[in-house]
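# Analysis of the macromolecular model
Listed below are the residues making up each chain.
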Amino acid sequence: MADTSRDNGSAALAIGSEISRGAVQILRGYTGRGATKSRTVINQDTLTIILADPLTKGERSLVMVGEQEQVFQTRRKDQHLMREELVHLVEGLTERRVEAFFSDNHIEPDYGVEFFLLEPLTGVDESR
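The notes below deal with the structure included here. (Residues numbered from 1 in each chain as written. Predicted model: local features only at pLDDT ≥ 70, side-chain atom pairs only at ≥ 80, totals over all residues. Heavy atoms only, no water.)

On to the nonpolar core, then. Counting 20 residues, the largest nonpolar core has Ile 19, Leu 47, Ile 49, Leu 86, Val 90 and Phe 116 as its most contacted members. At the level of elements, α1 (10-31), β2 (46-52), α3 (68-94), β3 (98-106) and β4 (111-118) are the ones that each hand at least two residues to this core. When residues of this core are assigned to their parent elements, the largest contribution, six residues, is made by α1. (Core = buried A, V, L, I, M, F, W, Y, C linked by side-chain atoms within 4.5 Å. Buried < 20%, exposed > 50% of the residue type's maximum accessible area, 1.4 Å probe, protein only. Helix = DSSP H or I, 4+ residues; strand = E, 2+ residues; numbered from the N terminus.)

Have a look at this one:
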(Lines give C-alpha, C1' and ligand atoms only; values in the text may rest on other atoms or scores of the structure.)
Protein backbone atom coordinates (compact mmCIF):
# COMPACT_ATOMS: atom_id res chain seq x y z
CA MET A 1 0.00 0.00 0.00
CA ALA A 2 1.14 3.55 -0.66
CA ASP A 3 2.28 5.70 2.25
CA THR A 4 -0.98 7.50 2.97
CA SER A 5 0.71 9.88 5.40
CA ARG A 6 2.31 11.70 2.47
CA ASP A 7 0.06 10.61 -0.38
CA ASN A 8 -2.73 13.14 -0.76
CA GLY A 9 -3.67 11.58 -4.07
CA SER A 10 -6.53 9.45 -5.20
CA ALA A 11 -5.36 6.24 -3.47
CA ALA A 12 -5.51 7.80 0.02
CA LEU A 13 -8.85 9.43 -0.75
CA ALA A 14 -10.27 6.13 -1.98
CA ILE A 15 -9.11 4.30 1.14
CA GLY A 16 -10.55 7.04 3.36
CA SER A 17 -13.88 6.88 1.52
CA GLU A 18 -14.05 3.10 1.85
CA ILE A 19 -13.27 3.29 5.55
CA SER A 20 -15.94 5.97 6.07
CA ARG A 21 -18.57 3.92 4.23
CA GLY A 22 -17.60 0.76 6.09
CA ALA A 23 -17.75 2.47 9.49
CA VAL A 24 -21.23 3.86 8.76
CA GLN A 25 -22.39 0.37 7.72
CA ILE A 26 -20.97 -1.17 10.90
CA LEU A 27 -22.66 1.52 13.01
CA ARG A 28 -25.95 0.91 11.22
CA GLY A 29 -25.63 -2.81 11.86
CA TYR A 30 -25.37 -2.26 15.62
CA THR A 31 -27.69 0.69 16.19
CA GLY A 32 -30.13 0.45 13.30
CA ARG A 33 -28.98 3.81 11.94
CA GLY A 34 -25.71 5.08 10.52
CA ALA A 35 -24.32 8.58 10.58
CA THR A 36 -25.62 10.97 7.91
CA LYS A 37 -22.07 12.13 7.09
CA SER A 38 -18.64 10.69 7.72
CA ARG A 39 -15.07 11.60 6.96
CA THR A 40 -11.82 9.73 7.47
CA VAL A 41 -8.53 11.55 8.09
CA ILE A 42 -5.36 9.51 7.64
CA ASN A 43 -2.02 10.76 8.95
CA GLN A 44 1.34 9.04 9.32
CA ASP A 45 0.42 6.85 12.31
CA THR A 46 -3.18 7.81 13.05
CA LEU A 47 -6.55 7.39 11.43
CA THR A 48 -9.65 9.23 12.57
CA ILE A 49 -13.23 8.63 11.45
CA ILE A 50 -15.57 11.55 12.17
CA LEU A 51 -19.26 10.63 12.18
CA ALA A 52 -21.86 13.40 11.96
CA ASP A 53 -25.41 12.91 13.23
CA PRO A 54 -25.02 9.32 14.47
CA LEU A 55 -27.64 9.37 17.25
CA THR A 56 -30.81 7.35 16.76
CA LYS A 57 -34.30 8.82 17.22
CA GLY A 58 -34.56 7.02 20.57
CA GLU A 59 -31.21 8.42 21.73
CA ARG A 60 -32.27 11.93 20.74
CA SER A 61 -35.49 11.46 22.74
CA LEU A 62 -33.46 10.42 25.78
CA VAL A 63 -31.27 13.52 25.41
CA MET A 64 -34.37 15.74 25.28
CA VAL A 65 -35.50 14.43 28.70
CA GLY A 66 -32.04 14.86 30.26
CA GLU A 67 -30.77 11.28 29.92
CA GLN A 68 -27.48 12.09 28.18
CA GLU A 69 -25.53 9.79 30.49
CA GLN A 70 -27.74 6.86 29.48
CA VAL A 71 -26.98 7.63 25.82
CA PHE A 72 -23.22 7.77 26.55
CA GLN A 73 -23.36 4.46 28.45
CA THR A 74 -25.22 2.74 25.61
CA ARG A 75 -22.84 4.17 23.01
CA ARG A 76 -19.80 2.99 25.00
CA LYS A 77 -21.27 -0.52 25.01
CA ASP A 78 -21.99 -0.34 21.27
CA GLN A 79 -18.44 0.87 20.60
CA HIS A 80 -17.03 -2.01 22.65
CA LEU A 81 -19.07 -4.44 20.55
CA MET A 82 -18.08 -2.78 17.24
CA ARG A 83 -14.39 -2.53 18.11
CA GLU A 84 -13.29 -5.78 16.47
CA GLU A 85 -15.12 -5.04 13.20
CA LEU A 86 -13.84 -1.46 13.03
CA VAL A 87 -10.25 -2.54 13.69
CA HIS A 88 -10.57 -5.28 11.06
CA LEU A 89 -11.91 -2.72 8.55
CA VAL A 90 -9.04 -0.30 9.14
CA GLU A 91 -6.34 -2.97 9.16
CA GLY A 92 -7.69 -4.54 5.99
CA LEU A 93 -7.85 -1.31 4.02
CA THR A 94 -4.65 0.34 5.28
CA GLU A 95 -2.62 -2.88 5.48
CA ARG A 96 -1.33 -1.70 8.86
CA ARG A 97 -1.86 -3.10 12.34
CA VAL A 98 -3.95 -1.05 14.76
CA GLU A 99 -2.07 -0.61 18.05
CA ALA A 100 -4.84 1.21 19.91
CA PHE A 101 -8.47 2.18 19.34
CA PHE A 102 -10.39 5.01 21.02
CA SER A 103 -14.02 5.96 20.54
CA ASP A 104 -16.20 8.75 21.90
CA ASN A 105 -19.37 10.74 21.27
CA HIS A 106 -20.54 14.30 21.65
CA ILE A 107 -24.22 15.21 22.03
CA GLU A 108 -24.55 18.83 20.93
CA PRO A 109 -23.49 19.02 18.22
CA ASP A 110 -24.10 15.35 17.42
CA TYR A 111 -20.75 13.78 16.48
CA GLY A 112 -18.90 10.57 17.07
CA VAL A 113 -15.22 9.86 16.57
CA GLU A 114 -13.34 6.62 16.06
CA PHE A 115 -9.58 7.04 16.50
CA PHE A 116 -6.97 4.46 15.57
CA LEU A 117 -3.28 4.55 16.48
CA LEU A 118 -1.52 2.62 13.73
CA GLU A 119 1.69 0.65 13.96
CA PRO A 120 4.50 3.03 12.98
CA LEU A 121 5.74 2.87 9.42
CA THR A 122 9.27 1.52 9.15
CA GLY A 123 11.89 3.55 7.38
CA VAL A 124 9.98 6.84 7.66
CA ASP A 125 11.73 9.96 8.91
CA GLU A 126 9.88 10.67 12.18
CA SER A 127 11.33 14.19 12.51
CA ARG A 128 8.87 15.56 9.96
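Here the narrative resumes, following the displayed structure.
Moving on: the sheet that holds β2. One open sheet accounts for four strands, arranged β1-β2-β4-β3; its pairing is antiparallel. The sheet terminates laterally at β1 (37-42) and β3, the two strands that pair on one side only. Each strand axis lies, on average, 10 degrees off the axis of its neighbour in the sheet, ignoring direction. Taken strand by strand, α3 contacts β2, β3 and β4, and its axis lies near 140 degrees from that of β3. (Pairing = 2+ DSSP bridges. Axes fitted to C-alpha atoms, helices over the stretch in contact; angles between N-to-C directions. Contact = heavy atoms within 4.5 Å.)

It is worth spelling out the packing of aromatic side chains at this point. Following the criterion strictly, the structure yields two aromatic pairs and no others. Their ring planes at 40 degrees and their centres at 4.9 Å tell us that Phe 101 and Phe 116 sit as a pair that is tilted. In this pair, Phe 101 is assigned in strand β3 and Phe 116 in strand β4, connecting sequence segments 15 residues apart. Since its relative accessible area comes to 11%, Phe 101 is described here as buried. Ring centres 5.8 Å apart and planes at 50 degrees place the aromatic pair Phe 102 and Phe 115 in the tilted group. Highlighted residues: Phe 102 in strand β3 and Phe 115 in strand β4, separated in sequence by 13 residues. When its relative accessible area of 27% is taken as the criterion, Phe 115 is described as partly exposed. (Phe/Tyr/Trp six-rings, centres within 6.5 Å; stacked < 30°, edge-to-face > 60°.)

Let us now look at unusual backbone geometry. Going from Glu 108 to Pro 109, the amide bond is cis rather than trans, its omega being 5 degrees. As for its position among the elements, Pro 109 is in the loop between β3 and β4. Here Asp 53, not a glycine, exhibits a phi torsion of approximately 65 degrees, which is positive. Within the fold, Asp 53 resides in the loop between β2 and α2 (57-64). Despite not being glycine, Glu 95 has its phi angle at roughly 60 degrees, a positive value. Within the element layout of this structure, Glu 95 appears in the loop between α3 and β3.

So, about the pattern of salt bridges. The full count for this structure, using the stated rule, is seven salt bridges. Asp 45 is the partner of Arg 96 in a salt bridge, and the nearest nitrogen-oxygen pair spans 2.7 Å. Of this pair, Arg 96 sits in the loop between α3 and β3 while Asp 45 sits in the loop between β1 and β2; the two residues are 51 residues apart in sequence, bridging distant segments of the chain. With relative accessibility at 9%, the residue Arg 96 sits in the buried group. In this structure, Arg 75 engages Glu 59 in a salt bridge whose closest nitrogen and oxygen atoms are separated by 2.6 Å. One end of the pair, Arg 75, is in helix α3; the other, Glu 59, is in helix α2, and 16 residues separate them in sequence. (Salt bridge = Lys/Arg side-chain N within 4 Å of Asp/Glu carboxyl O.)

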